Amino acid sequence: MAADSLVQKINKLKQERDAVILVHNYQPDEVQDIADFRGDSLGLSLEASRTKAQAIVFCGVHFMAETAAIISPDKKVIMPDANAGCPMADMIDAAGVRKLKKKYPKAKVVCYVNSSAEVKAESDICCTSANSIKVCASLKDAKEIIFVPDKFLGHYTSTKVPDKKFILAQGYCPTHARILPEHVLAAKKQHPQAKVMVHPECRPETIALADEVASTGGMLKYARETSAKEFIVGTEVGMVYRLQQDSFGKKFYPLDDGAVCPNMKLTTLEKVLWSLEELKTEVRVAPETAAKAKLAIERMLAVGRND
Ligand code: 13P
Ligand code: SF4
């Protein structure tokens, strides 16, 4: 089916179903184009908590849809492709968190939103890359923080919250881990006037060479507000499309063309249409787990952004 007619059908059905389409900044270009709201993990969670729509079509990965289902239990949250997972989120489970809590009983547990509902349920508070510093700094009485699952975001956050000891789990994002310092050096040589921005899921050696470290939402803000006209973008390549649309007149170059998240690319317009037709695949979380995870997410939402 031609893309135009697919989009028309999606828009018609969206109204009939009273659905809102939430889209992450890494989604394929044509999926970004049909968004009612496009954003980073924190922005999408906030939007899911505020929407009046009956159904949420979540174009992103599973933990994001699960987070929306936890904070909006009265809504139907559906994913166009429920196989879209996040390998980093699978790098720790609830038993792994319990083991760390047993070893460090005085520590508070901060979990990156890129985690399962069960892991969130074991945690004191959640964070995203837009607020990990603010979240950790908000734990005034904690001297030790167990940070799961992302060792790179945890390490970056620890450098900004020096009064606390961080115990880092060993997860990482394969898409961001492949962005290396040599990519930064080569890109800087090609575009000497450009500012380098990288996601905090990158390796510390890569982060050390950047002008700005930010969530995908923070990158948009930086690109808009900084006087520079060119930017090297160290994150998943879908972000370049978003930046090109929102920061007019500026140029954006991917730091590494191969930084593709295959899970983010599973969503297609055909699958969005099908999910609206069938109202599938619904993402549900067991009520007991959801109730505990909700506390950790709500605490995070109350903290706000650091970028
Ligand atoms: P953001 O919250 O910065 O959009 O990042 C989400 C993510 O999965 C990064 O890999
Ligand atoms: Fe997970 Fe990395 Fe994909 Fe983000 S880019 S969803 S962290 S695998």
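Residues numbered from 1 in each chain as written. Chains lettered and ligands numbered in written order. Predicted model: local features only at pLDDT ≥ 70, side-chain atom pairs only at ≥ 80, totals over all residues. Heavy atoms only, no water.

1. As for the nonpolar core
Okay, step 1: Core analysis: the largest hydrophobic core is formed by 92 residues, its most contacted members being Phe58, Val110, Phe147, Val148 and Met197.
Okay, step 2: Of all the elements, helix H4 (residues 62–71) adds the most residues to this core, at seven residues.
Okay, step 3: If sequence neighbours within four positions are ignored, Phe147 has contacts with Val110, Tyr112, Cys127, Cys136, Leu153, Gly154, Thr157, Phe166, Ile167, Leu168 and Ala169.
Okay, step 4: Listed in part, the 16 residues of the second largest apolar core include Ala19, Ala55, Val272 and Leu276. (Core = buried A, V, L, I, M, F, W, Y, C linked by side-chain atoms within 4.5 Å. Buried < 20%, exposed > 50% of the residue type's maximum accessible area, 1.4 Å probe, protein only. Helix = DSSP H or I, 4+ residues; strand = E, 2+ residues; numbered from the N terminus. Contact = heavy atoms within 4.5 Å.)

2. Side note on the sheet that holds strand E1 (residues 19–24)
Okay, step 1: Taking strand neighbours across the sheet as the criterion, the four strands line up as E2-E1-E3-E4 in an open arrangement whose pairing is parallel. Of all strands in the sheet, those with a lone pairing partner are strand E2 (37–39) and strand E4 (76–78), marking the two edges. Averaged over neighbouring strand pairs, the angle between their axes works out to 20 degrees when direction is ignored.
Okay, step 2: The strands that helix H14 (residues 269–278) touches are E1, strand E3 (55–59) and E4; relative to E3, the one it contacts most, it runs at about 160 degrees. (Pairing = 2+ DSSP bridges. Axes fitted to C-alpha atoms, helices over the stretch in contact; angles between N-to-C directions.)

3. Details of the site of ligand 1
Okay, step 1: Residues in close proximity to ligand 1 include His24, Tyr26, Asp40, Ser41, Asn114, Ser129, His176, His199, Glu201, Ser215 and Thr216, which together make up its full environment.
Okay, step 2: Within the side chain of His24, one N or O atom sits 2.6 Å away from an oxygen atom of ligand 1.
Okay, step 3: At 2.8 Å from an oxygen atom of ligand 1 is found a side-chain nitrogen or oxygen belonging to His199.
Okay, step 4: Protein chains shield 96% of the accessible area of ligand 1, which is 300 Å² for the free molecule.
Okay, step 5: Per-class residue counts for the shell around ligand 1 are one nonpolar, eight polar and two charged. (Near = heavy atom within 4 Å. Polar contact = N/O pair within 3.5 Å; in protein donor to acceptor, adjacent residues only side chain to side chain. Areas by Shrake-Rupley, 256 points an atom, 1.4 Å probe, with all protein chains shown as cover. Nonpolar A, V, L, I, M, F, W, Y, C, P; charged D, E, K, R; others polar.)

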